[in-house]
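# Report on the structure
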Amino acid sequence: MNKKPFFYDITLRDANQALANPWNKEQKELVFRQLLKLGVQGIEVGFPMASDMDFESSQYLAKLAAELAGKGDKVAENAVISGLARAKKTDIQRAWDAIKEAPKPRVHTFLAMSPLSMEHVLQMEPMAVRAQAVEAVAFAKSLVGNNGSVEFSPEHFGDSIENFDFVLESLKEVVKAGATTINLPNTVERYRPMLFVDMVKRVVEALPKNITVSVHCHNDLGMATAATVESYFAGAAQMECALNGLGERSGNTNMYEVAVAIHNCGVEMDLNLNEIYETALLISKWANVPIYTKAPLIGIEAIAHRSGIHQDGVAKTKNMKKGAYRPIDYSLIGRSENDILAFTSQSGKTAIYEILNYNGYPVELDEAAELQPVLKEISEHEGELSHSRILEVFREKCCNLGGKLAFRAIDVTPERKDHYVFKLEKDGAPLEKFIETKKGPIEAALLLLREIGLPVELNSYKQSVVSKADKLWAGKALSEIVLSVNGKSVVGRGVSSSTLIANMRAVFSGVNKLYA
């Protein structure tokens, strides 16, 4: 069985160092508090040796964690607060001085062990590198004692395929020196994920069971999420991730993607997944880094569907937890909508049906099918049609329709409410008719139609108000009247500030459809 997933956030350190304008102390506090709200178990607050500002902000956040823990904040009390340090005593001392007041402080030190890095960057012999790593960890352990922990990373572990045995033996020595977490960085992603995952698995199997194995993957080839998720199932309990996938070059592993993928596999975790979407929006704002429109889970178009086939599946599963074309019920991450249907020349009647119903017009699927070729032709020239453009076409083609009859006015005799005078045009010619009935204006209109040779039957009648989603007609009376003749039925729609006029426009719209 895998250990419970431990999410170790590197946004305040690894992501921050990649920003064009790194965060100051006040900005880091905003991110820190959001991380606690999200429920992460580990937070790397900075690289204290990098600058005085980084030291001060790291120290401030460590003290803040202690203060919040003292007030009963369990997340702050249990969160590991870490500072990064090179494998140098000066760095390690500086990191410890910054984070030692946290409830659970950790010194995270690192040293490259790949052949490329040792020869060309460090310019050191392998055994000298091992000795420096062991000495650094031992010194860190002497500082933290029983009040904190030590993490060690062999930087560029993903490049250590050819000297894997050397690195593994070095890690065993580092563990003996006091490291309880061994982090395996894929510092530059070069290969397929399973090569890295296989290396992780071999480390997990070789180290004592009480040692936590961690992974830290960069996204140079776009597979950091896959490498991290599969590493967890290979035994790496700690996953080093960044909010919104921020970080050097193509970024670090995106925490949201990893968390949801593991959740979908039935694994319980301590993260508050319903805080993900709000967190993503805030981090984008604070970092001044826009969210890619197609970004998994959080992109504005991650829930958009344009293909007619996809839209049909979406509509048929829209009220189900598992949708035909979505990975989750998006309420899981605090997102209010599951699916957005957009209309293009590739879309079908289902999109029209859903969009019109969403905007307050309860059309039938057959009516949507009638509109599809019209909207498709428009879309071929204009591209994707907005909801407002679709409503515009719907109003023109389905409401207050002209045709054989043009309704102009209806007058009710003040003295007698059962007397109606209709003013209209038939085939362009003015026409005025008087109708008497005690059954109301709709019955009067039906009697009128018989008199002028256009008889229809009333099947149903519905009166409502236009939804506020239609900004042009919001609040107006909406009449929907189903009329039929010779077995053919149509829906006539009328809209007006007056209920009476809306009813009349609905009747005459239906007649114009039937006798087109």
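Just so it is clear, the structure is predicted and the values come from calculations on it, not from any experiment. (Residues numbered from 1 in each chain as written. Predicted model: local features only at pLDDT ≥ 70, side-chain atom pairs only at ≥ 80, totals over all residues. Heavy atoms only, no water.)

### Let's talk about the overall build of the chain
Counting its regular elements, the chain contains 18 helices and 16 strands. Since a compact globule built from 516 residues should have a radius of gyration of about 24 Å, the 34 Å found for the chain marks it as more spread out than a globular shape. Across the 516 residues that make up the chain, the buried fraction comes to 52%. Contacts spanning at least 24 positions in sequence make up 64% of the contacts within the chain whose residues lie at least 6 apart. When the accessible area of the chain is evaluated, it comes to approximately 23,200 Å², of which 51% is carbon and sulfur surface. (Helix = DSSP H or I, 4+ residues; strand = E, 2+ residues; numbered from the N terminus. Rg over C-alpha atoms; globule rule 2.2 N^0.38 Å. Buried < 20%, exposed > 50% of the residue type's maximum accessible area, 1.4 Å probe, protein only. Contact = heavy atoms within 4.5 Å. Areas by Shrake-Rupley, 256 points an atom, 1.4 Å probe, with all protein chains shown as cover.)

### Concerning the layout of surface pockets
Considered as a void within the structure, the largest pocket measures approximately 420 Å³ in volume. Within the lining of the largest pocket, the residues separate by chemical class into 14 nonpolar, 10 polar and 1 charged. The computed volume of the second largest pocket comes to approximately 320 Å³. Surrounding the second largest pocket, 14 residues form its lining, Asp-339, Ile-340, Leu-341, Glu-354 and Tyr-358 being those nearest its centre. Counting only elements with at least two residues in the lining of the second largest pocket, the list comes to helix 13 (308-316), strand 10 (340-341) and helix 14 (349-358). The dominant element in the lining of the second largest pocket, judged by the number of residues it contributes, is helix 14, at 4 residues. (1 Å grid on protein atoms, 1.4 Å probe; cavity = no way out; pocket = protein on both sides within 12 Å on 5 of 7 lines; lining within 4 Å. Points joined across faces, edges and corners; volume = space filled by probe spheres on them. Nonpolar A, V, L, I, M, F, W, Y, C, P; charged D, E, K, R; others polar.)

### Some points on helix 3 (residues 52-70)
Compared with the 27 Å implied by 1.5 Å per residue over 19 residues, the 27 Å span of helix 3 between its first and last C-alpha is a close match. All buried positions along helix 3 are accounted for by Asp-54, Phe-55, Ser-57, Ser-58, Leu-61, Ala-62, Leu-64, Ala-65, Leu-68 and Ala-69. Looking at the buried positions of helix 3, the neighbouring elements they touch are helix 1 (11-15), helix 2 (25-38), strand 2 (42-46), helix 4 (74-78), strand 3 (80-86) and helix 5 (89-99). Immediately downstream of helix 3, the backbone of Gly-72 shows phi near 100°, a positive value. (Expected span 1.5 Å × (residues − 1).)

### Side note on the pattern of salt bridges
Summed over all chains, the structure comprises 38 salt bridges. We note a salt bridge from Asp-418 to Lys-438, for which the minimum N-O separation is 3.4 Å. Taken together, the residues span a long stretch of sequence, with Asp-418 in the loop between strand 11 (405-412) and strand 12 (419-426) and Lys-438 in the loop between strand 13 (429-436) and helix 17 (441-451) at a distance of 20 residues. Classification of Lys-438 as exposed rests on a relative accessible area of 74%. A salt bridge links Glu-451 to Lys-433, with the nearest nitrogen and oxygen atoms 3.6 Å apart. (Salt bridge = Lys/Arg side-chain N within 4 Å of Asp/Glu carboxyl O.)

### Thoughts on the packing of aromatic side chains
Tallied over the full model, the rule gives 5 aromatic pairs. A centroid spacing of 6.1 Å and a plane angle of 80° characterise the contact between Phe-157 and Phe-196, whose relative ring orientation is edge-to-face. Here the residue Phe-157 occupies a position in the loop between strand 5 (149-153) and helix 8 (164-177), and Phe-196 occupies one in helix 9 (residues 193-206), the gap between them amounting to 39 residues. A relative accessible area of 1% means that Phe-157 is categorised as buried. Both rings, one in Tyr-232 and one in Phe-233, keep their centres 5.0 Å apart while their planes meet at 75°; by these two values the pair is edge-to-face. Grouping aromatic residues by their ring pairs yields a cluster made of Phe-157, Phe-164 and Phe-196. (Phe/Tyr/Trp six-rings, centres within 6.5 Å; stacked < 30°, edge-to-face > 60°.)

### Side note on unusual backbone geometry
You will see that Leu-297, though not glycine, has its phi angle at about 70°, which is positive. Examined against the element boundaries, Leu-297 turns out to sit in the loop between helix 12 (276-287) and strand 9 (304-305). Leu-297 gets classed as buried once you look at its relative accessible area, which sits at 7%. Backbone geometry places Asn-486, a non-glycine residue, at a positive phi of 55°. Topologically, Asn-486 is positioned in the loop between strand 15 (477-485) and strand 16 (488-496).

### A closer look at the pairing of strand 8 (residues 238-241)
Burial along strand 8 is two-sided: the residues Gln-238 and Glu-240 and Met-239 and Cys-241 are all buried. Where strand 1 (residues 6-9) meets strand 8, 4 bridges bridge the pair, whose relative direction is parallel. Bridge pairing links Asp-9 to Cys-241 in strand 8. In this sheet, strand 8 lies alongside strand 7 (residues 212-217) in parallel orientation, the contact comprising 3 bridges. Its bridge partner being in strand 8, His-216 is matched across the sheet by Glu-240. Handedness of the crossover joining strand 7 and strand 8 through helix 10 (residues 224-233) is recorded here as right-handed. (Pairing = 2+ DSSP bridges. Right-handed = clockwise from strand over helix to strand, strands pointing away.)

None of this, on its own, says anything about what the molecule does.
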